[in-house]
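# A look at the structure
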Amino acid sequence: TGSKTLVTAGEIVVEIMATEVGQTFMEPGSLVGPFPSGAPAIFIDQAARLGQRCGMIAAVGDDDFGALNVRRLELSGVDVSAIARLPGIPTGTAFVRYAADGGRAFVYNIPLSASGHIATTPEATALLARADHFHVMGSSLFSPAVVAVVEDAVRTVKARGGTVSFDPNIRREMLDLAGMREALSSVLASCDLFLPSGAELFLFTRAQDEAGAVAELSDRGIATVVLKKGAEGAVHYHRDGRTAFPAFPVREIDPTGAGDCFGAGFVCAWLRGAPPAECLQVANACGALAVGAKGPMAGTGTLADIRALIAANGEAGS
Ligand code: ATP
Ligand code: MG
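These lines cover the structure that appears in this document, whether it is placed above or below. Position labels on residues start from 1 in each chain and follow its written sequence. In the order they appear in the text, chains get letters beginning with A and ligands get numbers beginning with 1. Only residues with pLDDT of at least 70 get local features here, since the model is predicted, and only at 80 or more are side-chain atom pairs given and counted; chain-wide, interface and lining totals rely on the full set of residues. Hydrogens and waters are ignored; side-chain quantities use all the structure's heavy atoms.

This brings us to the layout of surface pockets. A volume near 1,400 Å³ is recorded for the largest pocket. Using a 1 Å grid laid over the protein atoms alone, points where a 1.4 Å probe fits but cannot get out form a cavity; open sets with protein on both sides within 12 Å along at least 5 of 7 lines form a pocket; any residue with an atom within 4 Å of a point counts as lining. Surrounding the largest pocket, 47 residues form its lining, Arg 104, Asn 169, Arg 171, Gly 257 and Asp 260 being those nearest its centre. Secondary structure elements are taken from DSSP: a helix is a run of H or I of four residues or more, a strand is a run of E of two residues or more, and numbering for both begins at the N terminus. The set of elements that each furnish at least two residues to the lining of the largest pocket consists of strand 2 (13-18), helix 1 (39-49), strand 7 (104-109), helix 7 (258-271) and helix 8 (276-291). Residues are grouped as follows: Ala, Val, Leu, Ile, Met, Phe, Trp, Tyr, Cys and Pro are nonpolar; Asp, Glu, Lys and Arg are charged; every other residue, Gly included, is polar. A breakdown of the residues in the lining of the largest pocket according to their chemical character gives 24 nonpolar, 12 polar and 11 charged. Grid points are joined across faces, edges and corners, and a volume is the space filled by probe spheres set on the points. For the second largest pocket, the calculated volume is near 220 Å³. Taken together, 13 residues make up the lining of the second largest pocket; nearest its centre are Val 21, Tyr 98, Gly 102, Ile 253 and Lys 294. A class-by-class count of the residues in the lining of the second largest pocket yields seven nonpolar, two polar and four charged.

With that out of the way, let us pick up the site of ligand 1. Near, as used in this document, describes a residue that has one of its heavy atoms within 4 Å of the molecule or strand being considered. For ligand 1, the set of nearby residues contains 19 residues, the closest of which are Ser 197, Gly 230, Gly 233, Gly 259 and Asn 284. Within 3.5 Å is the distance limit for a polar contact, defined as a pair of N or O atoms, with the added protein rule that one can donate a hydrogen and the other accept it, and that residues adjacent in sequence qualify only through two side-chain atoms. The separation between an oxygen atom of ligand 1 and a polar main-chain atom of Gly 233 is 3.0 Å. Between Ala 258 and ligand 1, the recorded distance is 3.3 Å, taken from a backbone N or O atom to an oxygen atom. Under the convention used here, a 1.4 Å probe and the Shrake-Rupley method define accessible areas, while residue burial counts only the protein chains that appear. When the free accessible area of ligand 1 is taken as 620 Å², the share hidden by the protein chains comes to 86%. Its atoms largely coinciding with the cavity grid, ligand 1 occupies the largest pocket. Listing elements by their share of the shell around ligand 1, those giving two or more residues are helix 7 and helix 8. Here the residues of the shell around ligand 1 are counted per class, giving eight nonpolar, eight polar and three charged. What decides whether a molecule sits in a cavity or pocket is whether more than half of its atoms lie within 2 Å of the grid points.

With that settled, the discussion passes to the sheet that holds strand 3 (residues 31-37). Hydrogen bonding along the main chain pairs the strands of a sheet, whether they run parallel or antiparallel. A sheet is described by the order of its strands in space; here four strands give the open sequence 3-2-6-7, paired in mixed fashion. Edge positions in the sheet fall to strand 3 and strand 7, since each of these pairs with one other strand and no more. The mean angle between the axes of side-by-side strands here comes to 20°, regardless of whether they run parallel or antiparallel. A strand pair is defined by DSSP finding two or more bridges across the two strands. Bridge count for strand 2 against strand 3 is five bridges, and the pairing is antiparallel. Its bridge partner lying in strand 3, Val 13 is registered against Ser 37. Together, strand 2, strand 3 and strand 6 (92-98) form the strand contacts of helix 2 (residues 64-76), whose direction differs from that of strand 3 by roughly 55°. Angles shown run from 0 to 180 degrees and are taken between the N-to-C directions of axes, each axis being a line fitted to C-alpha atoms and, for helices, limited to the stretch in contact. Contacts were defined at the residue level, with two residues in contact if any of their heavy atoms lie within 4.5 Å.

Structure below.
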């Protein structure tokens, strides 16, 4: 789709999952993995599988976990030239277990992993020199090194006349991390397309109702807001109006990655100038395929998968 080049930056990790609901990490238990993961990695994998020209600025260790991630992204069509392989530092990891109430708990090694050591390398600079659009995952802004890379990329792409999208992808507790709120506010101020999920819409607004928050963001120069609503689909806000689009019916197997895949679907359609309803339809289809598959990247669909889902649902949403 389209001739524009989409770039993102941030963490690459392997995810290792407990197999039993209610399992703890306080005694031995069975685990499955490693799976390729990391929110910006899932996002860019989905974009590549939709045929978008795209690349990622990241770092992995010189180990199998790094190699498996790079191989996966390359196979999907991502430009991996700006993914550094750092000797002597491990690739990031995330161990996840599931509580009986559906909640998830993690043991992470990300800030101290290769992902905490990303930098604007010559390869990253070369990739950014070709970029028409940069996507920021708020959850990636966990360390000053990543914040510096992201802010530099946003400046570079905006200076070239490009556009920026921003998915906060964050929970309120993360706002207390040193520098996190400032970094998120700075990205928000320069984004063209804001993609919050649920209550994330209100993270940076005084208004705590949907219409009021959207108006406030619009006054601050954010042209387009797309609100993700899980099983209720998504809503697009722009000064030209409000467009809602229902979710595709799907059996939820693993919600990990739904928001990331949705974002990629939306941005790719938006970059080729598709109207709001079509952008939402593609995005909701990407989100639905993601929740229907187990494993963080297992649900990234190709253009053919997305078209098949849309065709199978006929008039849904139109
Ligand atoms: P994540 O947990 O990955 O951060 P998110 O909170 O950013 O996700 P959600 O609103 O949960 O975003 O999901 C993103 C999109 O995925 C939704 O807008 C919808 O299109 C699709 N989606 C999510 N859950 C479902 C579901 N149960 N059924 C159908 N579609 C879904
Ligand atoms: Mg999210």
